[in-house]
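Residue-level structure breakdown
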Amino acid sequence: MTSSSTGAPDGPAAQGWTRVCRVDDLLVERGAAALLGDRQIALFRAFDGRIFATDQIDPFSGAAVLSRGIVGDRGGVPTVASPMYKQVFDLRTGACLDTQGKEQLTVAVHPVAVAEGDVFVKLVTASAPASSAHADPAHADPAEGDAR
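Residues numbered from 1 in each chain as written. Predicted model: local features only at pLDDT ≥ 70, side-chain atom pairs only at ≥ 80, totals over all residues. Heavy atoms only, no water.

Let us now look at the nonpolar core. Val20, Leu26, Leu43, Ile51, Val119 and Val121 are the most contacted members of the largest nonpolar core, which has 15 residues in total. For this core, the secondary structure elements donating two or more residues are strand 1 (18-22), strand 2 (31-36), strand 3 (39-45), strand 4 (51-55), strand 10 (112-115) and strand 11 (118-121). For this core, the leading source of residues is strand 2, giving 3 residues. Not counting residues within four places of it along the chain, the set of residues in contact with Leu43 comprises Val20, Cys21, Leu26, Arg30, Gly31, Ala32, Phe52, Ala53 and Val121. Core analysis: the second largest hydrophobic core is formed by 12 residues, Ala46, Phe52, Phe60 and Leu66 among them. (Core = buried A, V, L, I, M, F, W, Y, C linked by side-chain atoms within 4.5 Å. Buried < 20%, exposed > 50% of the residue type's maximum accessible area, 1.4 Å probe, protein only. Helix = DSSP H or I, 4+ residues; strand = E, 2+ residues; numbered from the N terminus. Contact = heavy atoms within 4.5 Å.)

Quick look at the structure:
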């Protein structure tokens, strides 16, 4: 899946949000890959309807495979297990919950918002970590809103 920007000049695209797909394009407890510019991301729709976005690159293997991981839950924490070496990542924070004996690495997470059935992602750079995995593209503050 590839991205497309929508909205008026003062809409979500002007605020750094990129329209990625429709909510209905995402299967529950499955991942989907998307390309935003030159950055690969993985989108996940949890059983409860929340949508999460991470980088697609598995930090342990360097392979672009996270969208193919097993989506699950660990004590109420939404997770994805990498299909490569089976490390489990918290979809809210990107923290690795099970390093399989390797050093502690994280995957970048990106704020996600849903507006009128469209899924928007605001890419986070390494120097600007995401304060929240969910946001409202109509507001400048990524901590506001809900991604359902």
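After presenting the structure, the write-up continues.
Next up on the list: the pattern of salt bridges. On inspection of all chains with the given rule, the structure shows 5 salt bridges. The salt bridge involving Asp118 is made with Arg19; its shortest N-O contact spans 3.1 Å. Highlighted residues: Asp118 in strand 11 and Arg19 in strand 1, separated in sequence by 99 residues. According to the relative accessible area criterion, Arg19 is buried, its value standing at 15%. Three or more residues are tied together by salt bridges with common partners; here these are Arg19, Arg22 and Asp118. (Salt bridge = Lys/Arg side-chain N within 4 Å of Asp/Glu carboxyl O.)

The residue Leu97 is located in strand 8 (residues 96-98) in this model. Through-space distance from the C-alpha of Leu97 to that of Gln87 is 7.3 Å; in sequence the pair is 10 residues apart. When sequence neighbours within four positions are dropped, the list of residues in contact with Leu97 reads Arg74, Val77, Thr79, Val88 and Asp90.

Once that is clear, we can look at the sheet that holds strand 6 (residues 77-81). The strands making up a sheet are joined through hydrogen bonds of the backbone, oriented either antiparallel or parallel. On the basis of which strands lie adjacent, the open sheet formed by 4 strands has the order 5-6-7-8 and antiparallel pairing. Where the open sheet ends on each side, the last strands, each with one partner, are strand 5 (70-74) and strand 8. Pairwise comparison of adjacent strand axes, ignoring direction, gives a mean angle of 35 degrees for this sheet. Across 3 bridges, the pairing between strand 6 and strand 7 (residues 88-90) is antiparallel. Bridging from a neighbouring strand, Val80 pairs with Phe89 of strand 7. (Pairing = 2+ DSSP bridges. Axes fitted to C-alpha atoms, helices over the stretch in contact; angles between N-to-C directions.)

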